[in-house]
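Okay, here's what each chain looks like letter by letter:
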Amino acid sequence: MGPQIAIDLGCIERNARTVVDLCNRSGIKVFGVTKGTCGMPQVARAMLRGGVAGIAESRFENIRRLRDSGISCPIMLLRSPPMARVEEVVRTVDISLQSELATIREIARVAERMGRIHDIIVMVDLGDLREGIWPNDLLPTVEKILELRGVRIAGLGTNLTCFGAIVPTEENLGQLVAHAYKIERLTGVGLDWVSGGNSSSLPLLKAGRMPAGINNLRIGEAILQGGVDAFRADPWPELETDAFRLTGELIEVKLKPSLPIGEAGFDAFGKRPLFVDEGDRLRAIANIGREDTIVEGLTPIQKGVRVLGASSDHLVLDVTDADPALAVGDSVSFRMDYGALLTAMTSEYVEKTPIQDTETIAPPKVVVIDAEPAASQLLVRYAIDARLQAMDYDVAMTGDGEAMSDTSLRLSAGEDRRVALRAVAASARNADALGLIWIDSIAALMPPNTTPDLRPDFSALTRLLGLDGRLGAAQPQLSPENVVLVGLRHADPAEARLLKSSRISVFTMAEIDASGMRDVMREALKVASSGTRGFHVSYSPSATEMHGWSKGAGGITVRETHQAMETIALNGGMISMNVSGLTRDLDEHIASEAVNFVMSAFGKRIL
Ligand SMILES: *Cc1c(COP(=O)(O)O)cnc(C)c1O
């Protein structure tokens, strides 16, 4: 197993709430910074649940990832863009930090052309020597910005403790407030924001010494990592420090001497390491290396484990004193400092697994069935309610498309994929983060309204995910990253393009043939469950090769369909399901088989 990062979203939400509560008491609004997690939408959502006023990010790729997943809160860009990306800034970002007049001019030009006004926070350098206008040049620069029509000075900000290791104090942040007053006098209008830095400003706030007038902070580390860096010797005990945990597996455990034997030269990274002779020690190798993280930033969680060093793919540990003792195949976990987290989140080799710490409640045993008239007749014909009752479910029939409580499973059935559109949208309204397993021969990702004869259900997924530029019917709860298509056989060129550029996962027939349904479903369930409160299963009988219908067309077999549904039932995360294609004239065999698949998804087993 591994390397893998487990991300505890509950922990991030609670940390965000702790920081937001303290800040709000001083009239400070918090923007949650997600750059440490590459703009992971699940992390942003956890911060938003914790009450942050917006999300701040330094990279476009990350902002696009957030917007693609339907996050519509204010987003702040922390780093000045290259000229070529200015148009994208104006289009996707609500407010950006700026310190170069040339860039601000270009932003103004582009924004004016687009008929927009872009908000900026002007950055001033108070001694940390990273970004910012030098204080003497501030007012002259502001005067020049005021001549531009496409931008508005929405605030003044500073950044400390990043390059020069200069800590925020009453003095330097007092200067920030003083500069803000000067700008307000010059312009005659109040600034929306006086942005007093990052996590390193929290100790000052906590000590009650934050100058009045600061009304914004941009907080990443304290929310993600619990303020280990920001608070150092004097930690803030309410903040939790283990939202992120890196885990690898031991691939060798052997007793070896602690001094290398032979003539000493340079290691794999051109260094001459020094060793201390501690005699023979039990040493272990974990499958984590410098390709994955900054190993100096790792702290083993288990007592008695020590990091000795690493090469690109091997982490060498001393496990002599490990309690309990460790053996090959055991996993070892580590806390990471900010640098280690950043590199591990960026490494393609490290799997990221967000976890919702929902309390485990007894699985709901009520099924609400919501079926269109023709589908309803079919379900009645195959006695679905009696069969579900035989599996200990309580069954309720509705026809209004809405009725659903938090604790019931819902089954929707209808003629075409519009039933999926309604059912997924309804489930999204009941869950703050939803996944979707789409078992179908087509992606239903056509752009809507392009051709008059396009069947409306061919764009069901486009509409759910807002891929037509409008807010999706299931957004922001449903992210493309939590959507997985299983059994795809046909894709229009437009759909294929959209699939490549979106973050939807796809398992085509070719992949199911190659890996087998069980492995495909294991991956699919991972996609749909990662960071969500559960998932919806959308099934179209056109996915399955059955009695004459799509026979020979190369779909999944009846047995594979059952296997997929059984894996879903075992997972226990399904909160709703829909079956489409249940028309009045549907072949009897197909109808009865489709109902059997539903039974499998709800947990029907042969024995
Ligand atoms: C990264 C960054 C932050 C957040 O810093 P943390 O130490 O993670 O709180 C805030 N502002 C700017 C400009 C940044 O680049």
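Every value quoted in this text rests on a predicted model; they were computed, and no experiment measured them. (Residues numbered from 1 in each chain as written. Predicted model: local features only at pLDDT ≥ 70, side-chain atom pairs only at ≥ 80, totals over all residues. Heavy atoms only, no water.)

**Some points on the overall build of the protein chain**
How we decide: Helix and strand definitions follow DSSP, with helices as H or I runs of at least four residues and strands as E runs of at least two, each counted in order from the N terminus. The reference for a compact globule is 2.2 Å times residues^0.38; the radius of gyration itself is calculated from the C-alpha atoms. Every residue pair with non-hydrogen atoms within 4.5 Å of one another is taken to be in contact. Under the convention used here, Asp and Glu are negative, Lys and Arg are positive, and both His and the chain ends fall outside the count. Taken as the charge centre is NZ of Lys, CZ of Arg, CG of Asp or CD of Glu, depending on the residue.
From N to C terminus, the protein chain includes 20 helices and 24 strands. In summary, the protein chain has a C-alpha radius of gyration of 28 Å against a globular reference of 25 Å for 607 residues, a match within 12%. Expressed along its principal axes, the backbone C-alpha trace of the protein chain runs to roughly 80 × 75 × 40 Å. Contacts in the protein chain between residues at least 24 apart in sequence constitute 69% of all its contacts with a sequence separation of at least 6. When the 64 basic and 78 acidic side-chain charges of the protein chain are each reduced to a single mean position, those positions are 2 Å apart.

**Focus: the packing of aromatic side chains**
For clarity, the cut-off: Think of it this way: a Phe, Tyr or Trp ring, Trp meaning its six-membered ring, pairs with another when their centres are within 6.5 Å, and the plane angle makes it stacked under 30 degrees, edge-to-face over 60, tilted otherwise. Exposure is judged per residue with a 1.4 Å probe applied to protein chains only, and the accessible area is read against the type maximum: over 50% gives exposed, under 20% gives buried, and values in between give partly exposed.
In total, this model carries four aromatic pairs according to the counting rule given. Measuring from centroid to centroid gives 5.9 Å for Tyr-393 and Phe-602, while their planes differ by 85 degrees, and the two rings are edge-to-face. Linking Tyr-393 in the loop between α13 (384–390) and β18 (394–398) with Phe-602 in the segment after α20 (588–601), this pair joins segments that are 209 residues apart in sequence. The class of Phe-602 is buried, set by a relative accessible area of 4%.

**With respect to the site of the ligand**
The cut-off we apply is this: A single heavy atom is enough: if one lies within 4 Å of a molecule or strand, its residue is considered near that molecule or strand. Residues adjacent in sequence count toward polar contacts only when both atoms are side-chain atoms; beyond that, a polar contact is any pair of N or O atoms within 3.5 Å, and within protein one must be able to donate a hydrogen and the other to accept it. What sets the accessible areas is the Shrake-Rupley method with a 1.4 Å probe; for residues, cover comes only from the shown protein chains. Each residue gets one label: Ala, Val, Leu, Ile, Met, Phe, Trp, Tyr, Cys and Pro are nonpolar, Asp, Glu, Lys and Arg are charged, and the others, such as Gly, are polar.
Around the ligand, a shell composed of 14 residues is seen, among which Lys-35, Ser-199, Arg-218, Gly-220 and Glu-221 lie nearest. Ser-199 is positioned such that a nitrogen or oxygen atom in its side chain is 2.5 Å from an oxygen atom of the ligand. In this structure, Arg-218 approaches the ligand through a side-chain N or O atom, which is 2.9 Å from a nitrogen atom. For the ligand, whose free accessible area comes to 390 Å², the fraction covered by protein is 91%. For the shell around the ligand, the residue count by class is five nonpolar, four polar and five charged.

**Considerations on the UniProt feature "domain: Alanine racemase N-terminal" (unreviewed entry) in the protein chain**
Going by this rule: UniProt positions are given in the numbering used here, feature names are shortened, and annotations may be inferred rather than shown by experiment.
Under the UniProt annotation, the feature "domain: Alanine racemase N-terminal" (unreviewed entry) is placed at residues 7–223. With 43% helix and 18% strand, residues 7–223 has end C-alpha atoms that lie 13 Å from one another.

**A look at a nonpolar patch on the surface**
Which entries qualify depends on this criterion: Exposure above 30% relative accessible area and no salt bridge define the residues that can form patches, which grow by joining like charges within 9 Å and nonpolar side chains of Val, Leu, Ile, Met, Phe, Trp and Tyr within 5 Å. For this document, the term salt bridge refers to a Lys or Arg side-chain nitrogen within 4 Å of an Asp or Glu carboxyl oxygen.
A surface patch of nonpolar side chains, amounting to about 370 Å² of accessible area, comprises Leu-129, Trp-134 and Phe-163. Looking at the element boundaries, Leu-129 is found in the loop between β6 (118–123) and α6 (135–146). Residue Leu-129 is classed as exposed on the basis of its relative accessible area of 51%.

**Let's talk about the nonpolar core**
Condition: Among the buried residues, those of types Ala, Val, Leu, Ile, Met, Phe, Trp, Tyr and Cys that are joined through side-chain atoms within 4.5 Å form a nonpolar core. Segmentation into domains, and thus their bounds, comes from an automatic or database assignment.
If you look at the biggest cluster of nonpolar residues, it comprises 96 residues, and the most contacted ones within it are Ile-12, Val-19, Leu-202 and Leu-317. Counting only domains with at least three residues in this core, you end up with domain 1 (4–231) and domain 2 (247–259 + 276–355). In contact with Leu-317, not counting residues within four places along its chain, are Leu-250, Leu-282, Arg-283, Ala-284, Ala-286, Val-305, Arg-306, Val-307, Leu-308, Val-332 and Phe-334. Counting 51 residues, the second-largest nonpolar core is a separate cluster that includes Ile-437, Ile-439, Val-520 and Val-579.

**Let's talk about the environment of Met-345**
Here Met-345 shows up in helix α11 (residues 338–346). Residues Met-345 and Leu-173, spaced 172 residues apart in sequence, show a C-alpha to C-alpha distance of 32 Å.

**Brief notes about helix α7 (residues 170–187)**
Here is the rule we go by: Expected span of a helix: the number of residues minus one, times 1.5 Å. The directions considered for the arc run from the helix axis to the C-beta atoms.
Between its first and last C-alpha atoms α7 spans 26 Å; for 18 residues at 1.5 Å apiece the expected length is 26 Å, and the two agree. Turning to α7, its buried residues number three or more, namely Asn-172, Leu-173, Leu-176, Val-177, His-179, Ala-180 and Ile-183. Buried positions in α7, seen along its axis, are confined to an arc of 155 degrees and lie on one side of it. The exposed residues of α7 that point more than 90 degrees off its buried face are Glu-171 and Arg-185. Looking at the packing, one finds that the buried side of α7 touches α6, β7 (151–157), β8 (193–195) and α8 (202–206).

**Brief notes about the pattern of salt bridges**
All chains considered together, the criterion is met by 38 salt bridges. Salt-bridge contacts for Arg-91 lead to Glu-87; the nearest nitrogen and oxygen are separated by 3.0 Å. With Arg-91 and Glu-87 both in helix α4 (residues 86–92) and four residues apart, this pair spans about one turn of that helix. When its relative accessible area of 45% is taken as the criterion, Arg-91 is described as partly exposed. The exposure class of Glu-87 is partly exposed, given its relative accessible area of 33%. Put simply, Lys-526 and Glu-351 hold a salt bridge, and the shortest N to O gap is 3.4 Å.

**Structural notes on the pairing of strand β10 (residues 244–257)**
Using the following cut-off: Paired strands, in this sense, are two strands between which DSSP finds at least two bridges.
Two strands pair when backbone bridges link them, and strand β1 (residues 4–8) and β10 are joined in this way by four bridges, in the antiparallel orientation. Each bridged residue has a counterpart across the sheet, and for Ile-7 the counterpart in β10 is Phe-244. As paired elements, β10 and strand β11 (residues 280–286) share seven bridges and run antiparallel to each other. Note on β11: the bridge partner recorded for Lys-256 is Arg-281.

**Observations concerning the packing of helix α19 (residues 558–571) against α20**
Put simply, the rule is: Working convention: axes come from line fits to C-alpha atoms, limited for helices to the stretch in contact. Angles between N-to-C directions cover 0 to 180 degrees. Just so you know how the angles are binned, under 35 degrees is roughly parallel, over 145 roughly antiparallel, 65 to 115 roughly perpendicular, and the rest oblique. Note: crossing handedness is left-handed where the near helix turns anticlockwise from the far helix by less than a right angle, and right-handed where it turns clockwise.
Relative orientation of the contacting elements α19 and α20 amounts to 30 degrees, with a least axis distance of 7 Å. Compared by their axis directions, α19 and α20 come out roughly parallel. The crossing of α19 and α20 is right-handed. Along its contact with α19, which presents Val-558, Thr-561, His-562, Met-565, Glu-566 and Ala-569, the element α20 presents Glu-593, Asn-596, Phe-597, Ser-600 and Ala-601. When the residues that make up the contact of α19 with α20 are grouped by side-chain class, the tally is five nonpolar, four polar and two charged.

**Comments concerning the sheet that holds strand β19 (residues 408–413)**
The strand order across the open sheet built from eight strands is β18-β17-β19-β24-β23-β20-β21-β22, with neighbouring strands paired in parallel fashion. Looking at the sheet topology across the chains shown, the edges are occupied by β18 and β22 (505–508). In this sheet, adjacent strand axes meet at a mean angle of 15 degrees when their direction is disregarded. Relative to strand β24 (residues 574–579), β19 is paired through four bridges, and the arrangement is parallel. Looking at the pairing, Ser-412 lines up with Asn-578 of β24.

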